Amino acid sequence: TWHLKKIPQIVGERTFSLASPKFEAKTKLELNSVCGIECQRRLPVPSLSDLKDLLSYETVFENGTRTLTEVNVLGEVLNSAGNTTARRSLRKKRQIYGTDSRFSIYDKRFMTNFPFNTAVKISTGCSGILISPKHVLTAAHCLHNGKDYVKGSKRLRVGLMKTKSRGDGRRRKGAKRNGMPSFQWTRVKSTHIPKGWFKGVSGDIALDYDYAVLELKRPHKRKYMELGISPTIKMMPGSMIHFSGFDNDRSGQLVYRFCSISDESNDLFYQYCDAEPGSTGSGIYLRLKEPNKKKWKRKIIAVYSGHQWVDVNGEQQDYNVAVRITPLKYAQICFWIHGNDENCTQG
């Protein structure tokens, strides 16, 4: 069963106006290695003042203006995981590990229905996932390189899958066959990125805060996926994670995969799910059949950050890495969605 946790409160305190960004950074879908598994375990536990700083956030609006909101953290601050060491196997390939185990989703009945229709394409080249009638979760580095917002993020758009163009059934010359998805593009009204992401990149520490939430200009009227709190590997329902995105090497296709997790830190999952750039920012979810119910229940518990080289036993080893949704991150994302903390007491 899903285990409910009491969530700390994230409360907005003050909001300041900042200078407009330049929007000149280059989009980089694969990041260089930063703090790896061993380094993560040596990091000190953040103090309350550290957390308030890391969870303060920037908001960029459609017109290019930018604000910084300082937050306070109330209630018990929960440690997200006991630093568990799990199975570890040395591998030397990148992103596709051995046999490619990804599935391209072609059937319209799957593509346009839950859960696959929650996957979206971000105009900067990444993927994302619908988490409310107006919000999308993705990776922060799809929008910001740690110093500036990337080119194209000023006029950011989100592509929702559709399989039929407007008008009648006649296909235009050169139109895609095989039910390949086309996209209905929606403008982004505002973007939230935690301050911890800027510190994480510039300070060359972990990618713990590589997540962002986009508010769409208008509701999408589709079923979205609920947020959950990331369990430890030992508590993982079915021991499998799942995610869908738009991998660059399979242009125009929605690509689904699932795998087990190899290792974890308090804020990151390390796994060998096959993925290529383009799927970065996908929502990683668990599925569980609840007692006496026939349908699967799904919850997003991490954001796919991409391929990373990390230090393991003094050697560089590669993984595909995901940012866990801890109780604090759940509280922050929930606050961004609702604008208050009243709906964010349990997750």
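The sections below set out a description of the structure shown in this document.

About the thresholds
Residues numbered from 1 in each chain as written. Predicted model: local features only at pLDDT ≥ 70, side-chain atom pairs only at ≥ 80, totals over all residues. Heavy atoms only, no water. Pairing = 2+ DSSP bridges. Helix = DSSP H or I, 4+ residues; strand = E, 2+ residues; numbered from the N terminus. Contact = heavy atoms within 4.5 Å. Buried < 20%, exposed > 50% of the residue type's maximum accessible area, 1.4 Å probe, protein only. Arc of directions from axis to C-beta. Expected span 1.5 Å × (residues − 1).

### Considering the pairing of strand β14 (residues 261–264)
The sheet contact formed by β14 and strand β15 (residues 268–271) spans three bridges and is antiparallel. Across the sheet, residue isoleucine 261 finds its bridge partner in β15, namely glutamine 271. The antiparallel pairing of β14 with β15 creates a hairpin that spans three residues between the two strands.

### Digging into the environment of lysine 121
Relative to the helices and strands, lysine 121 resides in strand β5 (residues 119–122). The sequence separation of lysine 121 and serine 282 amounts to 161 residues, and the corresponding C-alpha distance is 9.1 Å. Setting aside anything within four residues of it in sequence, one finds lysine 121 in contact with Cys126, Arg157, Val158, Gly159, Phe183, Trp185 and Phe246.

### Thoughts on helix α2 (residues 48–55)
Of the residues making up α2, those classed as buried are Leu51, Leu54 and Leu55. Along the long axis of α2, the arc covered by the buried residues comes to 85 degrees, so they all point the same way.

### Here's the deal with the pairing of strand β8 (residues 157–162)
Taken residue by residue, a regular strand's side chains alternate between the two faces of the sheet. Bridge analysis of β5 against β8 gives three bridges, and the strand direction is antiparallel. Bridge assignment links lysine 121 to a residue of β8, and that residue is glycine 159. Bridge count between β8 and strand β9 (residues 182–194): six bridges; the pairing is antiparallel. Note that in β9 the partner of glycine 159 across the bridge is tryptophan 185.

### Observations regarding unusual backbone geometry
Proline 115 follows phenylalanine 114 through a cis peptide bond whose omega is 5 degrees. Mapped onto the secondary structure, proline 115 falls in the loop between α3 (108–111) and β5. Unusually for a residue other than glycine, phenylalanine 23 sits at a positive phi of about 55 degrees. Topologically, phenylalanine 23 is positioned in the loop between β1 (9–18) and α1 (37–42). Assessed through its relative accessible area of 9%, phenylalanine 23 is described here as buried. Notably, lysine 221 is not glycine yet its phi reads approximately 60 degrees, a positive angle. With respect to the helices, strands and loops of the structure, lysine 221 is situated in the loop between β10 (212–216) and β11 (226–227).

### A word on helix α5 (residues 327–338)
Since the α-helix advances by 3.6 residues per turn, residues separated by three or four positions end up pointing in the same direction. For α5, built from 12 residues, the straight-helix expectation of 16 Å at 1.5 Å per residue is met to within 8% by its first-to-last C-alpha distance of 16 Å. Of all 12 residues in α5, 11 are buried, a share of seventy percent or more. By the burial criterion, the buried members of α5 are Pro327, Leu328, Lys329, Tyr330, Ala331, Gln332, Ile333, Cys334, Phe335, Trp336 and Ile337. Directly beyond the C-terminal end of α5, a positive phi value near 80 degrees is found at glycine 339.

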